[in-house]
2 protein chains.
Amino acid sequence: MALIVQKFGGSSVADAESIKRVAKRIVETRKAGNEVVVAVSAMGDTTDDLVDLAHRVTLLPAPRELDMLLTAGERISMALLAMAIKSMGHEARSFTGSQAGMITDAQHGAARIVDVTPGRVRDALDEGAIAIVAGFQGFNRGTGDITTLGRGGSDTTAVALAAALQADVCEIYTDVDGIFTADPRIVPRAHQVPRITSEEMLELAASGAKVLHIRAVEYARRHGVTLHVRSSFSNKQGTIVYNPAGPGLDENGAPVEEPVIAGVATDLSEAKITVVGIRDEPGKAAELFTTVARTGANIDMIVQNVSAAATGLTDISFTLPKASAEAVIAVLSAEQESLGFASLQHDDQIAKLALVGAGMRTNAGVSARLFRALSDAGINIEMISTSEIRISVVTRADSIKAATLAVHSAFGLDGDEDAVVYAGTGR
Amino acid sequence: MALIVQKFGGSSVADAESIKRVAKRIVETRKAGNEVVVAVSAMGDTTDDLVDLAHRVTLLPAPRELDMLLTAGERISMALLAMAIKSMGHEARSFTGSQAGMITDAQHGAARIVDVTPGRVRDALDEGAIAIVAGFQGFNRGTGDITTLGRGGSDTTAVALAAALQADVCEIYTDVDGIFTADPRIVPRAHQVPRITSEEMLELAASGAKVLHIRAVEYARRHGVTLHVRSSFSNKQGTIVYNPAGPGLDENGAPVEEPVIAGVATDLSEAKITVVGIRDEPGKAAELFTTVARTGANIDMIVQNVSAAATGLTDISFTLPKASAEAVIAVLSAEQESLGFASLQHDDQIAKLALVGAGMRTNAGVSARLFRALSDAGINIEMISTSEIRISVVTRADSIKAATLAVHSAFGLDGDEDAVVYAGTGR
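Residues numbered from 1 in each chain as written. Chains lettered and ligands numbered in written order. Predicted model: local features only at pLDDT ≥ 70, side-chain atom pairs only at ≥ 80, totals over all residues. Heavy atoms only, no water.

K.L.:
Provide a residue-level description of the overall build of chain A, including the pertinent values.
P.N.:
When helices and strands are tallied, chain A shows 13 helices and 20 strands. The C-alpha atoms of chain A give a radius of gyration of 23 Å, which matches the 22 Å a tight globule of 427 residues would have. Overall size of chain A, expressed as C-alpha extent along the three principal axes, is 80 × 55 × 35 Å. For chain A, restricting intrachain contacts to residue pairs at least 6 apart in sequence, the fraction spanning at least 24 positions comes to 73%. Accessible area for chain A stands at about 17400 Å²; split by element, carbon and sulfur atoms hold 50% of it. Side chains of chain A give 39 positive and 52 negative charges; the mean places of these two sets differ by 4 Å. (Helix = DSSP H or I, 4+ residues; strand = E, 2+ residues; numbered from the N terminus. Rg over C-alpha atoms; globule rule 2.2 N^0.38 Å. Contact = heavy atoms within 4.5 Å. Areas by Shrake-Rupley, 256 points an atom, 1.4 Å probe, with all protein chains shown as cover. Lys, Arg positive; Asp, Glu negative; His and termini not counted. Charge placed at Lys NZ, Arg CZ, Asp CG, Glu CD.)

K.L.:
Provide a residue-level description of the environment of K352 of chain A, including the pertinent values.
P.N.:
All names here are of chain A. As for its position among the elements, K352 is in strand β18 (residues 350–356). Separated by 81 residues in sequence, K352 and A271 place their C-alpha atoms 9.7 Å apart. With near-sequence residues (within four places) excluded, K352 lies in contact with A206, S207, A265, T266, D267, E270, D300, M301, S392, V393, V394 and I400. At a separation of 2.5 Å, a polar atom in the side chain of K352 contacts the side chain of D300. (Polar contact = N/O pair within 3.5 Å; in protein donor to acceptor, adjacent residues only side chain to side chain.)

K.L.:
Tell me about the relation of the copies chain A and chain B, and please be specific about residues and values.
P.N.:
Under the fitted operation, chain A is carried onto chain B by 0.0 Å of movement along the axis and a turn of 179°, and the coordinates agree to an RMSD of 0.1 Å. Taken together, these values place the two copies in the relation of a two-fold axis. Residue A72 of chain A of chain A places its C-alpha closer to the rotation axis than any other residue of that unit, at 2.4 Å. The residues that chain A uses at the interface reappear at the interface of chain B in 100% of cases, marking a shared surface. (Least-squares fit on C-alpha atoms with pLDDT ≥ 70 in both.)

K.L.:
I'd like to hear about the interface of chain A and chain B, residue by residue, with values.
P.N.:
Residue-level contacts link 40 residues of chain A with 40 residues of chain B. Roughly 3100 Å² is buried in total at the junction of chain A and chain B, and carbon and sulfur atoms are behind 66% of that figure. It is V57, R75 and M83 of chain A in chain A that bury the most area against chain B; as a group they hold 23% of the surface buried on that side. Where chain A touches chain B, the interface holds 2 salt bridges. In this assembly, chain A and chain B are joined by 18 residue pairs in polar contact (both at pLDDT 80 or more). Among the elements of the structure, α1 (16–31), α2 (46–57), α3 (63–70), α4 (72–87) and β3 (92–95) of chain A are those that each provide at least two residues to the side of chain A that touches chain B. With 11 residues, α4 of chain A is the largest single contributor of residues to the side of chain A that touches chain B. (Buried area = accessible area lost by both parts, 1.4 Å probe. Salt bridge = Lys/Arg side-chain N within 4 Å of Asp/Glu carboxyl O.)

K.L.:
Could you give me a rundown of the pattern of salt bridges, with the residues and numbers involved?
P.N.:
For the structure shown, the criterion picks out 45 salt bridges over all chains. Where E35 of chain B meets R122 of chain B, a salt bridge forms, and the shortest distance between an N and an O atom there is 2.9 Å. Here the residue E35 of chain B occupies a position in strand β2 (residues 35–40), and R122 of chain B occupies one in helix α5 (residues 119–126), the gap between them amounting to 87 residues. Relative accessible area serves as the criterion here: at 13%, E35 of chain B is assigned to the buried category. Residue K352 of chain B pairs with D300 of chain B through a salt bridge whose shortest N-O separation is 2.5 Å. Placement of the pair is K352 of chain B in strand β18 (residues 350–356) and D300 of chain B in the loop between α9 (284–293) and β15 (302–304), with a sequence separation of 52 residues. Residue classification places D300 of chain B among the partly exposed residues on the basis of a relative accessible area of 34%. If you follow the salt bridges from partner to partner, you end up with R64, E65 and D145 of chain A together with R120 of chain B in one network. (Buried < 20%, exposed > 50% of the residue type's maximum accessible area, 1.4 Å probe, protein only.)

K.L.:
Please set out the packing of helix α3 (residues 63–70) of chain B against helix α4 (residues 72–87) of chain B residue by residue, giving values where relevant.
P.N.:
Residues and elements named next belong to chain B. Remark: α3 packs on α4, axes separated minimally by 4 Å, with the N-to-C direction vectors making an angle of 15°. Relative to α4, the element α3 is oriented roughly parallel. Together, M68, L69 and L70 of α3 and A72, G73 and E74 of α4 make up the contact between the two elements. Split by residue class, the contact of α3 with α4 holds 4 nonpolar, 1 polar and 1 charged. (Axes fitted to C-alpha atoms, helices over the stretch in contact; angles between N-to-C directions. Parallel < 35°, antiparallel > 145°, perpendicular 65-115°, else oblique. Nonpolar A, V, L, I, M, F, W, Y, C, P; charged D, E, K, R; others polar.)

K.L.:
Quick rundown of helix α8 (residues 214–223) of chain B? Include the residues and the values.
P.N.:
Residues and elements named next belong to chain B. Looking only at α8, the buried set comprises R215, A216, V217, Y219 and A220. Taken together, the buried residues of α8 touch β5 (113–116), α6 (153–164), α7 (198–206) and β11 (227–231). The first or second residue beyond α8 is G224, which carries a positive phi of 65°.

K.L.:
An account of the sheet that holds strand β10 (residues 195–197) of chain B is needed here, citing residue identities and associated values.
P.N.:
Residues and elements named next belong to chain B. The 8 strands are arranged β3-β6-β2-β1-β9-β11-β12-β10 in an open sheet whose pairing can be described as mixed. With partners counted over all chains shown, the strands left at the sheet margins are β3 (92–95) and β10, one partner each. Each adjacent strand pair in this sheet contributes to an overall mean axis angle of 20°, direction not counted. Pairing analysis gives 3 bridges linking β11 to strand β12 (residues 239–242), with the strands arranged antiparallel. Bridging across to β12, L227 finds its partner in V241. Against the sheet, helix α1 (residues 16–31) contacts β1 (3–8), β2, β6 (130–134), β9 (169–174) and β11, and its axis sits at roughly 170° relative to β1. (Pairing = 2+ DSSP bridges.)

K.L.:
Describe helix α9 (residues 284–293) of chain A, and please don't skip the residues or the numbers.
P.N.:
Residues and elements named next belong to chain A. For α9, every residue scored as buried is listed here: K284, L288, F289, T291 and V292. On an axial view of α9, the arc spanned by its buried residues comes to 150°, and they lie on one face. The elements touched by buried residues of α9 are β14 (270–279), β15 (302–304), β16 (313–321), α10 (325–334) and α11 (336–339). (Arc of directions from axis to C-beta.)

K.L.:
Lay out the pairing of strand β6 (residues 130–134) of chain A in plain terms, naming residues and giving numbers.
P.N.:
Each regular strand shows side chains that alternate between the opposite faces of the sheet. Of all 5 residues in β6 of chain A, 5 are buried, a share of seventy percent or more. Here β6 of chain A shows no split at all, with I130, I132 and A134 of chain A on one side and A131 and V133 of chain A on the other all buried.

K.L.:
Tell me what's going on with the nonpolar core, and back it up with residues and numbers.
P.N.:
L80 and L81 of chain A together with L80 and L81 of chain B are the most contacted members of the largest nonpolar core, which has 77 residues in total. Setting aside residues up to four positions removed in sequence, L80 of chain B forms contacts with L53, A54, V57 and L69 of chain A together with I19 and M43 of chain B. (Core = buried A, V, L, I, M, F, W, Y, C linked by side-chain atoms within 4.5 Å.)

K.L.:
Pulling in residues and values, what's your account of the confidence of the model for chain A?
P.N.:
All names here are of chain A. Residue-level pLDDT values for chain A average 91, and 97% of them are 70 or greater. Low pLDDT, under 50, characterises residues 423–427; the predicted model gives this stretch 13 contacts beyond four residues in sequence or across chains. Our summary of model confidence lists the complex with pTM equal to 0.83 and ipTM equal to 0.80. (pLDDT = per-residue confidence, 0-100.)

K.L.:
Describe the packing of helix α7 (residues 198–206) of chain A against helix α8 (residues 214–223) of chain A, naming the residues involved and giving the relevant values.
P.N.:
Residues and elements named next belong to chain A. Between α7 and α8, the shortest axis-to-axis distance is 9 Å and the interhelical angle comes to 165°. On the basis of their axis angle, the class for α7 and α8 is roughly antiparallel. The chirality of how α7 crosses α8 is left-handed. The residues of α8 that touch α7, namely those facing S198, E199, M201, L202, A205 and A206, are I214, V217, E218 and R221. (Left-handed = near helix turned anticlockwise from the far one by under 90°.)

K.L.:
Now, about the side chain of T395 of chain B: what can you tell me, with residues and values included?
P.N.:
Residue and element names in this part refer to chain B. Structurally, T395 can be placed in strand β20 (residues 390–396). For T395, a relative accessible area of 0% gives the class buried. When neighbours within four sequence positions are excluded, T395 is seen to be in contact with Q349, I350, A351, I379, N380, E382 and I400.

So this is what it looks like as structure tokens:
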């Protein structure tokens, strides 16, 4: 008997009919002889609707109260899902984040899990019941207050439960069939990969792939949880995200022939800021990014030009989420004198392409092939950043589709037929 | 500094605007130097909407899960109310039934309060905050599960908090100005009473007056909580429901001149069942009502005819909620042989009128005057039942309005002008 954690997102439980459909799938897993724990998100757009309601009451909702409000969403979906399962003759019990032992810090709206004590969930399983746990929510012991893990937190709930309960697998049900070599809406010939390492998945998620929440992948990697990403709308096999025992080995230590490249991720959500004419001297970059950090913006790529010897001045460019750009420009402008730069440039017409693959480590020439493919397609590279298993480049936003198609082909990732794209894209 | 508990029903917090209006009223009470605890119901029709949603998933929702579902309603309203108050610059904190220490038995859907341990509420007050508590919900220690108190339970939440916190008064905000001598929609000249004893209020609530939930009045009476029923739509004085120190005394033991009659209640929600030709022998009625009790129906009035000496048979009539009649008829029909009666009659065209007043105890002739008034109006009485401070009669449903008007006049209750009836009637 295996213990399986299943996570269903908001689009999988958008209405009464969907809830019954999901209940049926859960019951099938139970009937196959497995213990089943389910993490569920709020129905459809419930969370957005509740946020709107809060904003109609006050422009700045108190974070503690906003968390109290939003957690009503999963309370509704989990109770309905448990009812649906019970009406099919199977025992089911719903648990809030607090009841399921999701202990977090006190950071309302973006709480971190500090402990998972799923005693009641384990008891429910021991009594033969299916446990339905509210995703996204937790509980702080110090204040006794309800917290939320932030957007996409239900993935993290599922993975944390899987780790604490030593589940055999954590199945993430979504509205796509699995992980693709590229976004099928950009690259029609993208194909689904049957297996991918958690390290590759992490780089893909960090580079804009939206199927899995990056925190969940991190948590799964750190705790050795195997993820299985699959569609709640089909019975296809999906993609296994696993933790290799070592480079070139599978999770059991057996040698595997890894493909060089796992996939290409694209990201149109970032902007670029360039600090023009800043003095090229030790400590200047630290000073600059200490100032930027005050805004809480997540800085992604950083590139510093070679200094012009004559002036001792240089330019520093960095990318960040578009939504953070305004605050960063404001704080830098206010410190222009003390930082001593000439001017700021803001560019929100950029896009990022990331090529990810664990096989890249042992394969020379990957970057050369990437740059050649882009050059052949007539696409200019504006920034480059690399990790051990990833190469990211920034291009003009309007070149990103051509760039992705070219790179996807150049690395032999094109499938034999077009990928199926489902209508729903929300998660 | 007084400690005031305020209860706001669903119609008072139906949308964002209403929530802001209620928040303003709460803040005014706080600014007047009081400690304030608020019990709040779910917004508008939220509870009904959630029940509908449950029924779209399954016809028979599991009671534990239905409670989990419904408690999402107050979670939303209380969080929004706390946000609204905080946005006005006052400290506020929302608490679920569980956090506020509303400990109940495990009877899902109709839980009884067994203990109230409002430590977190008291702490919030001590820190200068306004405490917002979810009405209607509780927590069972044995199972660790969330419960609900049943419909109208928010009144009970407010009263139980007032008792546990030794509040000076429990203000019940509703959509009418207070307690009236009769339903103003039936008797236009009904007038609001400034004060009424909890005993009278109990009889009025039991007789169909809907302003206060009967359990809340019982709880208030048993724990010596003074209620103040008032409108959330006006600033009028409302009605005080108090516990007299003794007959003819006010709550402090000072003598008062009680009016003989506090009011007239009407109730169109009951049906009458008559068991025809049942043997008039000891234990037969007990046997009959033991059978009826199996359905859980609340039996109200019972009348047994004088037995015909020749046959040794009698008829027994009783009233009960219309919705319970079908189940009672089914169970009695199934036991017809063992109970040994001739036939059943079912009549759902009845109405009940109850005349209530603590002064009735020491005033002879009240029932004579009641029967005279009905007789003068040409209204036939079908059943009669009395308590120390109440006389109830059953009439034809289509005579109830004329009956109520006649009785209201006969006891000198008519006011000088027509009562104001607000549009909203939901609670």
